Amino acid sequence: MKLCPALLVDVPRDSNITAEVMKSLNIPKGVQRVLFRTLNTDRRLMWQKQFDTSYVGFLRDGAQWLKDNSDIKLVGIDYLSAAAFVDSVATHRVFFESRDIILVEGLKLDDVEAGIYSVHCLPLRLLGAEGSPIRCILIK
């Protein structure tokens, strides 16, 4: 298996991930794995026991921009869904219809600097499942 580097980026803290936000991140062509740190990390949402519908995630146009204008094949995000709650179904359709983009959700990115890492996602082997819990490890 070929290991590819992953880029950890800080998303502007004032909005969901839209096409405009994706453009502003200036992710270089050729980057295939991107981990998105958002306001969710600042709010420590992954440490909360209650599900919070106000989390930051992708809107449909942001997912579409990513699919159409980048080489990204792995999207990691710091809450339980890559899609914003207000646009969940439409956004997930964009990601899943491409069949090329892997979503890694529920990342805890506290105390990790933005930059390039080697990312290793270690899934449980579950027969007949469409997804799996994973342990995701970043190595500088």
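Above: the structure in question.
These figures come from a predicted structure and were not determined experimentally.

Participant: Can you break down the overall build of the protein residue by residue, with the values?
Facilitator: Of the regular secondary structure elements, the protein holds 4 helices and 6 strands. In the protein, the succession of α and β elements from N to C terminus is β-α-β-α-α-β-α-β-β-β. Principal axes of the C-alpha set define a box for the protein whose edges measure 40 × 35 × 35 Å. By residue count, 40% of the 140 residues in the protein fall in the buried class. Within the protein, residue pairs in contact and separated by at least 24 positions form 71% of the contacts whose partners lie at least 6 positions apart. Accessible surface, the protein as shown: approximately 8,400 Å² in total, 53% of it carbon and sulfur.

Participant: Break down the state of the cysteines for me, citing the residues and quoting the values.
Facilitator: Summed over the entire model, instances satisfying the criterion amount to 0 disulfides. Cys-121 takes part in no disulfide bond, and the closest cysteine sulfur to it belongs to Cys-136, at a distance of 3.2 Å. The class of Cys-136 is partly exposed, set by a relative accessible area of 26%.

Participant: I'd like a rundown of the packing of helix H3 (residues 60-69) against helix H4 (residues 88-98), residues and numbers included.
Facilitator: Close contact between H3 and H4 brings their axes to 7 Å; oriented N to C, the two are set at 20°. Our classification of the angle between H3 and H4 gives roughly parallel. Here H3 and H4 pass one another in a crossing that is right-handed. The residues of H4 that touch H3, namely those facing Arg-60, Ala-63, Gln-64, Leu-66 and Lys-67, are Ala-90, Thr-91, Val-94, Phe-95 and Ser-98. For the contact of H3 with H4, the residue count by class is 5 nonpolar, 3 polar and 2 charged.

Participant: Residue-level account of the environment of Lys-108, with values.
Facilitator: Of note, Lys-108 is situated in the loop between strand E4 (102-104) and strand E5 (115-123). Owing to a relative accessible area of 43%, Lys-108 belongs among the partly exposed residues under this scheme. The sequence separation of Lys-108 and Met-46 amounts to 62 residues, and the corresponding C-alpha distance is 6.5 Å. Leave out the neighbours within four places in its chain, and Lys-108 touches Met-46 and Trp-47.

Thresholds applied
Residues numbered from 1 in each chain as written. Predicted model: local features only at pLDDT ≥ 70, side-chain atom pairs only at ≥ 80, totals over all residues. Heavy atoms only, no water. Helix = DSSP H or I, 4+ residues; strand = E, 2+ residues; numbered from the N terminus. Buried < 20%, exposed > 50% of the residue type's maximum accessible area, 1.4 Å probe, protein only. Contact = heavy atoms within 4.5 Å. Areas by Shrake-Rupley, 256 points an atom, 1.4 Å probe, with all protein chains shown as cover. Disulfide = S-S within 2.5 Å. Axes fitted to C-alpha atoms, helices over the stretch in contact; angles between N-to-C directions. Parallel < 35°, antiparallel > 145°, perpendicular 65-115°, else oblique. Left-handed = near helix turned anticlockwise from the far one by under 90°. Nonpolar A, V, L, I, M, F, W, Y, C, P; charged D, E, K, R; others polar.

Geometric values such as these leave the question of function open.
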